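Structure assessment
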Amino acid sequence: MLSLYESLKKIYNVNDAVLRRLEISSDDCKDIFNDIDRKIELNQLKVLKSFYDNDISDYHLNGSTGYGYGDSGRDALERVFASIFEGERALVRSQIVSGTHAIAIGLFGNLQDGDELIIATDTPYDTLLKVIGSKEAPAPGTVRAHGVRCLEIPLRENNKIDLEALDKKITSQTKMVYFQRSQGYAWRPSFKISDLKKAISYIKKNHPNVICMVDNCYGEFVEEQEPLSAGADLIAGSLIKNPGGGLALSGGYLVGKTELIENAANRLTAPGIGLEVGASFNFNRSAFQGIFLSPSVVGEALKGAVLAARLFSSLGFEVQPLYQEFRTDIVQAIKLGHPDLMIAFCQGLQKACPLDAKASPEPSFLPGYEHQVIMAGGTYIQGSSIELSADGPIRPPYIIYVQGGMSLSHIKIGLALAADKVILKGF
Ligand SMILES: *Cc1c(COP(=O)(O)O)cnc(C)c1O
């Protein structure tokens, strides 16, 4: 039987040096993969316990139409999310169109004219900048245009949250402090649950009523704890990332204190109808099966991220995080240093995607983003980034962000083809 490496040579003529390094890198990662397996088991147990406690049955998988009154599947799905993520209540809907939308309704639902929002983790993710609006001339409909004062606290030089600065800036007007767990399109470590816990307890000591909200995108099931158990009041994320397990057809979620969730629901639908409406059509089945599989899918994606870090650092690129470092999200950043290498990486990865493998990704402008973005991902769910995908804004220092992949074997093949194209480009 040929090995994977010999077959990659035979079928795709992948560069020998790439294959040799891929083989060595895979061996180097074995112990880390075992640690990841242990974490998968613990998170799988947590998910199963919440299915057991909520007595999930096949009738919960059916959907509703029209107003969606009394949709028992939808309501049970929200109880399952609330118990997994350790909140009082959850809002989990296909009508939440993305992670940005989930975060936006958390903000708009809970902030009013005259309130102040402090962003504790420096400049937020690109699409959130558009939600908040510019300081000088906020566009209509943005958080700032609603009369909410917003400020960002830069990180300290060591990329830690600046707790003293944060404490100084909080006033009686401060309604919410916002944290972004994952690095987003930045070159810095993501914030671990222990980092969030430290910052939130620091804030709550003097300001117990300030709402602490966490953008939990890409973080679900990476650690054994989630931000609500670290003291956060509200979290939000996307169902076409980790907690959808690659199966949820669309959607977003929020989990947290009942009042905060009700406020977000009133913003998603309308005051007075809040959480009680919203037809689920055929969403429930995919969302239940997605959250059930999510711990193991996230585990595979994590192994792929570790392997990507090992492989590309052995090829001479800077990576963030390093392969052996503690992780709190599934994203692997690789500093490629040149736009052509970002394009080459994506074109190589695309060849290993199950759909549109013959497409050739090119940079383009996307709604919500300031710069041109390059993306690879022939995914079953459009734009899904718990499926194997890579993306990044075309701006210095030209970093590609790789994430997802529902099986390590798929990710491994994708990385081989991506590395091959990058090497061919003449690095
Ligand atoms: C993906 C992501 C979001 C939301 O993005 P959508 O594409 O709208 O789902 C927000 N914050 C971070 C850090 C993200 O990675």
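Whatever comes next refers back to the structure up there.
Structural notes, computed from the coordinates. Since the structure is predicted, the reported quantities are computational estimates derived from the model, not experimental observations.

All right, on to the state of the cysteines then. Applying the stated criterion to the full structure yields zero disulfides. In this structure C217 is not part of a disulfide, and its nearest cysteine sulfur, from C212, lies 18 Å away. The thiol of C353 is unpaired, and the distance to the nearest cysteine sulfur, on C346, comes to 9.6 Å. Classification of C353 by relative accessible area gives buried; the value is 5%.

Now for the sheet that holds strand β4 (residues 174-180). Taken in spatial order, the seven strands make up an open sheet running β1-β7-β6-β5-β4-β2-β3, and their pairing is mixed. Strands at the two margins of the open sheet, each flanked by one partner only, are β1 (89-93) and β3 (149-152). Averaged over all neighbouring strand pairs, the angle between strand axes comes to 15°, with direction disregarded. As paired elements, strand β6 (residues 234-238) and strand β7 (residues 252-256) share five bridges and run antiparallel to each other.

The amide bond that connects Q320 to the next residue, P321, takes the cis arrangement and shows omega of -5°. With respect to the helices, strands and loops of the structure, P321 is situated in the loop between β8 (318-320) and β9 (332-335). In this model, P396 is joined to P397 through a cis peptide bond whose omega is 0°. Relative to the elements of secondary structure, P397 occurs in the loop between β11 (389-393) and β12 (399-403). Even without being a glycine, D55 presents a positive backbone phi close to 50°.

With 107 residues, the main nonpolar core has F81, F179, F312, F345 and I400 as its most contacted residues. Sequence-distant contacts of F81, defined by excluding residues within four places in its chain, comprise A90, V92, L239, P243, Y253, V255 and I291. Grouped together as the second largest cluster of nonpolar side chains are 30 residues, A102, M176, A264 and A265 included.

Most of β1 is tucked away: four of the five residues are buried. Two elements, β1 and β7, share five bridges in a ladder whose sense is antiparallel. Looking at the pairing, L91 lines up with L254 of β7.

Before going further, it helps to spend a moment on the sheet that holds strand β10 (residues 373-376). Taken together, the five strands give an open sheet; going across it, the order is β8-β9-β12-β11-β10, and neighbouring strands pair in antiparallel fashion. Looking at the sheet topology across the chains shown, the edges are occupied by β8 and β10. Put simply, the sheet's adjacent strands are angled 20° from each other on average, direction ignored. Strand contacts of helix α11 (residues 339-350): β9, β10, β11 and β12, with the helix running at about 25° to β10, the strand carrying the most contacts.

The rules we used
Residues numbered from 1 in each chain as written. Predicted model: local features only at pLDDT ≥ 70, side-chain atom pairs only at ≥ 80, totals over all residues. Heavy atoms only, no water. Disulfide = S-S within 2.5 Å. Buried < 20%, exposed > 50% of the residue type's maximum accessible area, 1.4 Å probe, protein only. Pairing = 2+ DSSP bridges. Helix = DSSP H or I, 4+ residues; strand = E, 2+ residues; numbered from the N terminus. Axes fitted to C-alpha atoms, helices over the stretch in contact; angles between N-to-C directions. Core = buried A, V, L, I, M, F, W, Y, C linked by side-chain atoms within 4.5 Å. Contact = heavy atoms within 4.5 Å.

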